[in-house]
Amino acid sequence: MQALWIITSVAFLIVLIMLINRRLLREQYSMLWLLFGVVMLILSVRPQIIDSLADSIGVDYAPALLFLVGILFCVALILHLTVIVSKLSEKVIRLTQELGILHHELHDRKRSES
């Protein structure tokens, strides 16, 4: 079973690198995914890390800690994407307003030339 997780982790990292190289995933957004892939690989190679970490923070069932980390990763990813969408929304509003102003000025010039 451990070999399956190691192969899955390596395949995930290879797919990420291919997406970055093909410019389908931008570098600035890929750092979180690369970090996730590396952590996944480390935990696949050394599953004892989860057990010792769970013991050190008082979690009785080590896989529950893994689920908690996964949920926190998802929340961090959603927050990151929400910030990006918010910035892009502001840019779209601004560009739409500028386009409207330019369209109005062009229409006024055409009217004044006629």
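Summary of the structure given here. All values reported here derive from a predicted model rather than from experimental measurement.

Attention now goes to helix 2 (residues 27–45). Under the 1.5 Å per step criterion, the end-to-end length of helix 2 is 26 Å for 19 residues, consistent within 8% with the ideal 27 Å. Listed as buried for helix 2 are S30, G37 and S44. Of the surrounding secondary structure, the elements contacted by the buried residues of helix 2 are helix 1 (2–21).

Time to look at the packing of aromatic side chains. Tallied over the full model, the rule gives five aromatic pairs. Measuring from centroid to centroid gives 5.8 Å for F12 and F36, while their planes differ by 85°, and the two rings are edge-to-face. Residue F12 is found in helix 1, and its partner F36 is found in helix 2; the two are separated by 24 residues along the sequence. On the basis of relative accessibility, which here comes to 24%, the residue F12 falls in the partly exposed class. The class for F36 is partly exposed, based on a relative accessible area of 28%. These aromatic residues form a ring-pair network of at least three members: F12, W33, F36 and F73.

Criteria and cut-off values
Residues numbered from 1 in each chain as written. Predicted model: local features only at pLDDT ≥ 70, side-chain atom pairs only at ≥ 80, totals over all residues. Heavy atoms only, no water. Helix = DSSP H or I, 4+ residues; strand = E, 2+ residues; numbered from the N terminus. Expected span 1.5 Å × (residues − 1). Buried < 20%, exposed > 50% of the residue type's maximum accessible area, 1.4 Å probe, protein only. Contact = heavy atoms within 4.5 Å. Phe/Tyr/Trp six-rings, centres within 6.5 Å; stacked < 30°, edge-to-face > 60°.

Shape is all these values report; function is a separate question.
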